[in-house]
Amino acid sequence: MPRVSTADLVEAARAGGRATAAFNVITLEHAEAIAAGAERAGRPAVLQISHNAVRFHGNSLRPIAAATAAVAEACGVGLAMHLDHVEDLDLLHQAADAGFSSVMFDASALPYADNVAATRAAAEWAHSTGLWLEAELGYVGGKTAAPTSAHAEGARTDPDEAAEFVAATGVDALAVAVGSSHGMTKRTASLDIELINRLRAAVPVPLVLHGSSGVPETTLRAAVAAGIVKVNVGTALNAAFTAAVRTALAAGAPSDPRKYLAPARAAMIDVAAEILSVVSG
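Every chain is numbered on its own, with residues counted from 1 as its sequence reads. Only residues with pLDDT of 70 or above have their local features reported here, since the model is predicted, and side-chain atom pairs are shown and tallied only from 80 upward, although totals for entire chains, interfaces and linings are computed over all residues. The basis for the side-chain values is all heavy atoms of the structure; hydrogens and waters are excluded.

### A short note on the pairing of strand β2 (residues 45–50)
Note the threshold: Exposed residues in this analysis have more than 50% of their type's maximum accessible area, buried residues have under 20%, and partly exposed residues fall in between, with area computed by a 1.4 Å probe over protein chains only. Starting at the N terminus, helices and strands are each numbered in turn, a helix being any DSSP run of H or I of at least four residues and a strand any DSSP run of E of at least two. Any two strands with at least two DSSP-identified bridges between them are counted as paired.
Counting buried positions along β2 yields six of six residues, so the element is predominantly enclosed. In β2, alternate side chains face the same way, and those of A45, L47 and I49 on one face and V46, Q48 and S50 on the other are all buried. Looking at chain direction, strand β1 (residues 20–24) and β2 are connected through three bridges and run parallel. For F23, the partnering residue across the bridge sits in β2 and is L47.

### Quick notes on helix α10 (residues 235–250)
This is how the line gets drawn: Multiplying 1.5 Å by the residue count of a helix minus one yields the expected span of that helix. Here the arc refers to the directions that run from the helix axis out to each C-beta atom. Here a residue-residue contact requires only that any non-hydrogen atoms of the pair lie within 4.5 Å.
The terminal C-alpha atoms of α10 lie 22 Å apart, and with 16 residues this matches the ideal 22 Å at 1.5 Å per residue to within 8%. When α10 is considered as a whole, its buried residues turn out to be A236, L237, A240, F241, A244, V245 and A248. Here the buried residues of α10 occupy an arc of 165° about the axis, which is enough to place them on one side. Relative to its buried face, α10 has exposed residues pointing more than 90 degrees away, namely R246 and A250. Those residues of α10 that are buried lie in contact with β1, α2 (28–41), β8 (228–233) and α11 (258–280).

Here's what the structure looks like:
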């Protein structure tokens, strides 16, 4: 079916008291697995390609974007395309022509005033081309910039500052730091649910949770109930992919990559379907 927009998925989820799940695409198998998981769950989803994934593909956005778009259009449920963690304007300016409906512009490592200025300029450009723009305030763990912990002093998003940031930048959604971390392979993250409630009350735009792979299912449900509307997932897919490849190779899979990529893709389908049932069921 035709691709849908991230804005429409997020607003529908928000109106229904649910969240929409956004899954990272690194290879074609990722995109195929997310689409199949969405069909199994009967729920729409977001296919997102990160700046790091673009670097992996030789700093060339269009090939992986075109493949992802083709998968989305062949899917039986609505899928949107989102460009995630964009850090430079050159990549941002490629988004609309490459088929994306939304971008996450990440200037969160900059001092607050610089983050505001850079994000406001990015939002103005994005809106001039019809793109929905997400930004980040606070520190979501697992990045290379200091502080190194999601629980370090000053890492969490302050509600008053968040309200000021959204008003000053005009962004359409805000990724918030509430205790999650990128790259977690175990679901042991502890989220500040009370802070999520305060952020929802202070901020007029949808809230986004990055680093959701490390969040236990019950906590993830609580976060959605408290006000998280978009849930980003990457590491959970990669962990399932890698475990399935290792198992297939240990069992003597031949050199034909299809023999170990097929079970890897199947493992990612299970993860995508499960997470969609949790956050948008």
